[in-house]
Amino acid sequence: AQTVTQSQPEMSVQEAETVTLSCTYDTSESDYYLFWYKQPPSRQMILVIRQEAYKQQNATENRFSVNFQKAAKSFSLKISDSQLGDAAMYFCAYRSADFGYGQNFVFGPGTRLSVLP
Amino acid sequence: GAVVSQHPSRVICKSGTSVKIECRSLDFQATTMFWYRQFPKQSLMLMATSNEGSKATYEQGVEKDKFLINHASLTLSTLTVTSAHPEDSSFYICSARDVTRSYNEQFFGPGTRLTVL
């Protein structure tokens, strides 16, 4: 079974600064996807960024980028120029690429990010 | 992205009653939907996988007779919590898979907060 670990229950960052959230995972599969989701107080899950395991290039989306280390099974999220609206719960998630496995998400425990003005 | 709705957004019921939660994919067909449960300050945990036209697949520890899932059409899955008890109070989130999109992309509903008195 796949597992996802986030070792930082809480993080804080000064507005306009950069912060990195950590995530490690365990799987025996070779093809999969990794995600970072943001959950604000409304609790709507918002996709931040996605990485395909077969791609060596790290995904980027505007101020958000990842450091994907497949051999180390590590998938960290870097938020640059942090904004007050970035404050939320962030979940790292794994999903199999194999259609036969159903492709449900496996979520980490989450990291609560606070942004200080 | 595509839209997934859930109804109701909040429900309060008395212990021993049944509650039905709907998950709809509004602009795509979803042969597979997933139901997750999120307790306060915790992560999302998969409860069951709902497949259109067939029986749902439940995760270990989830009582299939208590959490009835019906996926009778390509755009609607329902979760019925039967004989609800206070310990069933939680946030229930569905996701729907769109196999016509890259990565078989999935979209989350806004969630349903269930409170059992």
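Everything below is about the structure shown above.
Keep in mind that what you see is a predicted model, and the values were worked out from it rather than measured.

Reading guide: rules and limits
Residues numbered from 1 in each chain as written. Chains lettered and ligands numbered in written order. Predicted model: local features only at pLDDT ≥ 70, side-chain atom pairs only at ≥ 80, totals over all residues. Heavy atoms only, no water. Helix = DSSP H or I, 4+ residues; strand = E, 2+ residues; numbered from the N terminus. Buried < 20%, exposed > 50% of the residue type's maximum accessible area, 1.4 Å probe, protein only. Contact = heavy atoms within 4.5 Å. Areas by Shrake-Rupley, 256 points an atom, 1.4 Å probe, with all protein chains shown as cover. Lys, Arg positive; Asp, Glu negative; His and termini not counted. Charge placed at Lys NZ, Arg CZ, Asp CG, Glu CD. Salt bridge = Lys/Arg side-chain N within 4 Å of Asp/Glu carboxyl O. Polar contact = N/O pair within 3.5 Å; in protein donor to acceptor, adjacent residues only side chain to side chain. Nonpolar A, V, L, I, M, F, W, Y, C, P; charged D, E, K, R; others polar. Pairing = 2+ DSSP bridges. Axes fitted to C-alpha atoms, helices over the stretch in contact; angles between N-to-C directions.

1. Focus on the overall build of chain B
Part 1 of the argument: When its secondary structure is counted, chain B shows 0 helices and 11 strands.
Part 2 of the argument: Taken from N to C terminus, the helices and strands of chain B fall in the order β-β-β-β-β-β-β-β-β-β-β.
Part 3 of the argument: Taken along the three principal axes of its C-alpha coordinates, chain B extends 40 × 25 × 20 Å.
Part 4 of the argument: Taken across its 117 residues, chain B has 51% of its residues classed as buried.
Part 5 of the argument: Considering only contacts within chain B whose residues lie at least 6 apart along the sequence, 54% involve residues at least 24 apart.
Part 6 of the argument: As presented, chain B carries roughly 5,700 Å² of accessible surface, and 50% of it is formed by carbon and sulfur atoms.
Part 7 of the argument: A gap of 6 Å separates the mean positions of the 12 positive and 10 negative side-chain charges of chain B.

2. Considerations on the interface of chain A and chain B
Part 1 of the argument: Across the boundary between the two partners, chain A contributes 19 residues, which contact 20 residues of chain B.
Part 2 of the argument: One can count 1 salt bridge joining chain A with chain B.
Part 3 of the argument: In this structure, the connection of chain A to chain B is made through 10 residue pairs in polar contact (both at pLDDT 80 or more).
Part 4 of the argument: Elements with a contribution of two residues or more to the side of chain A that touches chain B: β5 (32–39), β6 (46–52), β10 (88–96) and β11 (105–107) of chain A.
Part 5 of the argument: Grouping the constituent residues of the side of chain A that touches chain B by class yields 9 nonpolar, 6 polar and 4 charged.

3. Observations regarding the sheet that holds strand β7 (residues 67–73) of chain B
All names here are of chain B.
Part 1 of the argument: The sheet built from 4 strands is open, its strands ordered β1-β3-β8-β7 with antiparallel pairing. At either end of the open sheet lies a strand with only one pairing partner, and these are β1 (4–7) and β7. Between one strand and the next, the sheet's axes are offset by a mean angle of 15°, whatever the strand orientation.
Part 2 of the argument: Here strand β3 (residues 19–25) runs beside strand β8 (residues 76–81); their pairing, made up of 6 bridges, is antiparallel. Bridge pairing in β8 links Ile21 to Leu79.

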